[in-house]
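Coordinates in review
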Amino acid sequence: MATYNTAELRRQNRNRVFRYIYSSGNPVTKQDIAQALNLSLPTVGQDLKELQEADLLEFQGTFDSTGGRKPRAIGIANNVRYSIGVYIGHKRIHMACINIRAQLLCSQRVSRPLTNDEEYARFLAQAIEDFIQINNIDTSRLLGVGIAVAGVPQPDKGVVTMSPVQPVTELDMNLLASHIPYPVLFENDANAGGLATWWVNPEKKNMIYLFLHRGIGGTMLLGGQPYHGSTLHGGEFGHMCLVPGGEACGCGQKGCFEAYCSTKRLSEDLGISIEEFFEGLQKGSEEYQKIWDSYLDYLAIGINNIHIVLDCQVVLGGLLAGYIGPYLPELRERLSKISTFETDGSYCTVSTFGYWSTCVGAALNFVSRFMDEI
Ligand SMILES: [Zn+2]
């Protein structure tokens, strides 16, 4: 049995008080906290004092009183710390900065094809430094830099085994982090996006995060926990077979979801960027409309399969999330038509962070650690 000393028990109480205020979203009173956590007012008072001394709280005015002193409105000091999330794409570096409330403060994209060498590592470190300078990010409050990658980070080997759609097979994690003068954590891109979407899902309902990028992946958040499966490939939705013997997939099989719904189909395969594709589509290009219709048909089949099995919300993230918003009604119509069960397709939504969910999730790893240590 674990034994706890008094200091540790007090820390745990303080942590509960902080998390209660954090999860409330709106300001609360000392009485609210005491009641919700079943703690005495003096205990809560002491915890609040310590949290205030650590600059973690903000007193946001007072509530109306029913007699006596007006209770103070207590909230979290959102900007007490910052965290940066970086997504290493095959052609671009994406950066975002959040505060501990997971509010997206600034973001930027920089073009640079991914290579596994010293030059890239130096370029990345400089890009992060420029991002910090331009946006006046106070580095004394910076928790670290989370790096999301299209692959599986293997810290014991010091490498990321990259997805087959990437130009690099193994990425040297130590080399990549070597020029960044802040703590660095690596995370899989789909898991990062899932974490971001989960973080702002206050009821922690069952949810599937579907990452639609050059590769397709996802995260399952079931029963209040991420579910990764027995051999950690749970959520690899991209390799569900949609068409037996169909198009070749990067994984070596045929007919995978990814072979039909990679964002490559809307960009590289046509020799254009994804922005150009959607511009053309809006301008009425018949060629693009045909491709988009077919893309949406397959996307609906993939999403419907996931929904049939898991029967919960499906949140879309990744590159496509930045563009699919206006087409969501069309997608939902398809979902409604092909489902065995009665649905209007509204279970399918787009991540609150849209395109930036991967960066936000990578950054949140540090926020999560910070909150654990309060
Ligand atoms: Zn595949």
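Only a predicted model underlies this, so the values are computations on that prediction, with no experimental measurement involved.

Conventions adopted
- Within every chain, residues take consecutive numbers counted from 1 along the sequence as written.
- Predicted model: local features are reported for residues with pLDDT of at least 70 only, side-chain atom pairs are reported and counted for 80 or more only, and whole-chain, interface and lining totals are derived from all residues.
- By convention in this description, side-chain values take in all heavy atoms of the structure and omit both hydrogens and water.
- Classification of ring pairs uses Phe, Tyr and Trp, with its six-membered ring standing for Trp, and accepts pairs whose centres are within 6.5 Å; under 30 degrees between planes counts as stacked, over 60 as edge-to-face, and the remaining range as tilted.
- The way it works is that DSSP assigns letters per residue, a run of H or I at least four long becomes a helix, a run of E at least two long becomes a strand, and they are numbered from the N terminus.
- The buried label applies to any residue whose accessible area, calculated with a 1.4 Å probe on protein chains only, is under 20% of its type's maximum; exposed applies above 50%, and partly exposed to all values in between.
- Remark: a charge is flagged as sitting over a ring if the NZ atom of Lys or the CZ atom of Arg is within 6 Å of the ring centre and within 35 degrees of the ring normal.
- Points on a 1 Å grid, built from protein atoms alone, make a cavity when a 1.4 Å probe fits but cannot get out and make a pocket when they are open with protein on both sides within 12 Å along at least 5 of 7 lines; residues with an atom within 4 Å of a point are the lining residues.
- Grid points are joined across faces, edges and corners, and a volume is the space filled by probe spheres set on the points.
- Three classes are used: nonpolar for Ala, Val, Leu, Ile, Met, Phe, Trp, Tyr, Cys and Pro, charged for Asp, Glu, Lys and Arg, and polar for all others, with Gly counted as polar.
- Criterion used throughout: strands pair if DSSP finds at least two bridges between them.
- Here, axes are lines fitted to C-alpha atoms. For helices the fit covers the stretch in contact, and angles between N-to-C directions go from 0 to 180 degrees.
- Any two residues whose heavy atoms approach within 4.5 Å are treated as being in contact.
- Here the term donor refers to an N, O or S atom within 2.8 Å of the metal (or 3.2 Å for Na, K and Ca), and because water is left out of the atoms, sites may appear incomplete.
- In short, tetrahedral needs four donors with all angles between 85 and 135 degrees, square planar needs four and octahedral six donors with opposite donors over 155 degrees apart and all other angles between 65 and 115, and whatever is left is irregular.
- The salt bridge definition used is simple: a Lys or Arg side-chain nitrogen within 4 Å of an Asp or Glu carboxyl oxygen.
- Start and end points for every domain follow an automatic or database-based domain assignment.

**A word on the packing of aromatic side chains**
Inspection of every chain in the model, using the stated rule, returns 12 aromatic pairs. Aromatic side chains Y22 and W199 sit 6.3 Å apart centroid to centroid with 90° between the ring planes, which places their arrangement in the edge-to-face category. Linking Y22 in helix 1 (residues 6–24) with W199 in helix 6 (residues 189–199), this pair joins segments that are 177 residues apart in sequence. Judged by its relative accessible area of 10%, Y22 is buried. For the pair W292 and Y327, a centre-to-centre distance of 5.2 Å together with 70° between the ring planes defines the contact as edge-to-face. With W292 in helix 9 (residues 286–310) and Y327 in the loop between strand 14 (313–317) and helix 10 (328–338), this pair connects stretches of sequence that are 35 residues apart. Take W292 and Y327: they sit in the same class, and that class is buried. Put simply, the rings of F277, F278, Y288, W292, Y295, Y323 and Y327 pair up and form one aromatic cluster. Against the face of F59 rests R72, its NZ or CZ located 3.9 Å from the ring centre. Over the ring of Y22 we find R101, and its NZ or CZ is 4.5 Å from the ring centre.

**Some points on empty space enclosed by the protein**
One pass over the structure, following the stated rule, counts one cavity of 30 Å³ or more. Considering only enclosed or pocket space, the largest cavity measures out at about 30 Å³ in volume. In this structure, the largest cavity is lined by T115, N116, D117, Y120, A121, L171, D172, L175 and L176. Secondary-structure elements contributing two or more residues to the lining of the largest cavity are helix 4 (118–134), strand 9 (170–172) and helix 5 (173–177). Looking at the lining of the largest cavity residue by residue, the classes come out as five nonpolar, two polar and two charged.

**Side note on the sheet that holds strand 5 (residues 104–111)**
Judged by pairing direction, the sheet is mixed, and its five strands sit side by side in the order 5-4-3-6-10 without closing on themselves. The open sheet is flanked by strand 5 and strand 10 (184–188), the only strands paired with a single partner. Adjacent strand axes in the sheet meet at a mean angle of 20° when their direction is disregarded. Looking at chain direction, strand 3 (residues 82–88) and strand 4 (residues 92–99) are connected through seven bridges and run antiparallel. Residue G85 lies in a different strand from strand 4, and its bridge partner there is A96. The sheet contacts of helix 4 involve strand 3, strand 4, strand 5 and strand 6 (142–149), and relative to strand 4 the element is tilted by about 40°.

**Some remarks on the coordination of the zinc ion**
The protein atoms donating to the zinc ion are H239 (ND1), C249 (SG), C251 (SG) and C256 (SG), with metal-donor distances spanning 2.0 to 2.3 Å. Metal-centred angles of 106 to 121° between the four donor atoms at the zinc ion mark the site as tetrahedral.

**Overview of the pattern of salt bridges**
Considering all chains together, one arrives at 14 salt bridges under this definition. The closest approach of N and O atoms between E50 and R14, which form a salt bridge, is 2.8 Å. One end of the pair, E50, is in helix 3 (residues 41–53); the other, R14, is in helix 1, and 36 residues separate them in sequence. Taken together, the salt bridges that share partners define one network made up of D293, D297, E330 and R334.

**Comments concerning the layout of surface pockets**
If a probe as big as a water molecule is rolled over the atoms, it shows which places are left empty. Estimated volume of the largest pocket: approximately 760 Å³. Of all elements in the fold, only strand 7 (151–154), strand 8 (159–162), strand 10, helix 6 and strand 12 (216–222) reach the threshold of two or more residues within the lining of the largest pocket. Top contributing element to the lining of the largest pocket by residue count: strand 7, with four residues. Residues of the lining of the largest pocket, tallied by class, amount to 12 nonpolar, 17 polar and five charged. Here the lining of the largest pocket gathers at least three residues from each of two domains, domain 2 (81–194 + 357–372) and domain 3 (202–351). In this structure, the second largest pocket occupies an estimated 570 Å³ of space. Around the second largest pocket, the lining is made up of 17 residues, and of these Y22, S23, W199, P202 and K204 lie nearest the centre. Going through the elements one at a time, helix 1, helix 6 and helix 11 (357–372) are the ones with two or more residues in the lining of the second largest pocket. Tallying contributions element by element places helix 1 first for the lining of the second largest pocket, with four residues. When the residues that make up the lining of the second largest pocket are grouped by side-chain class, the tally is eight nonpolar, five polar and four charged.

Keep in mind that these numbers describe shape and distance, not what the molecule does.
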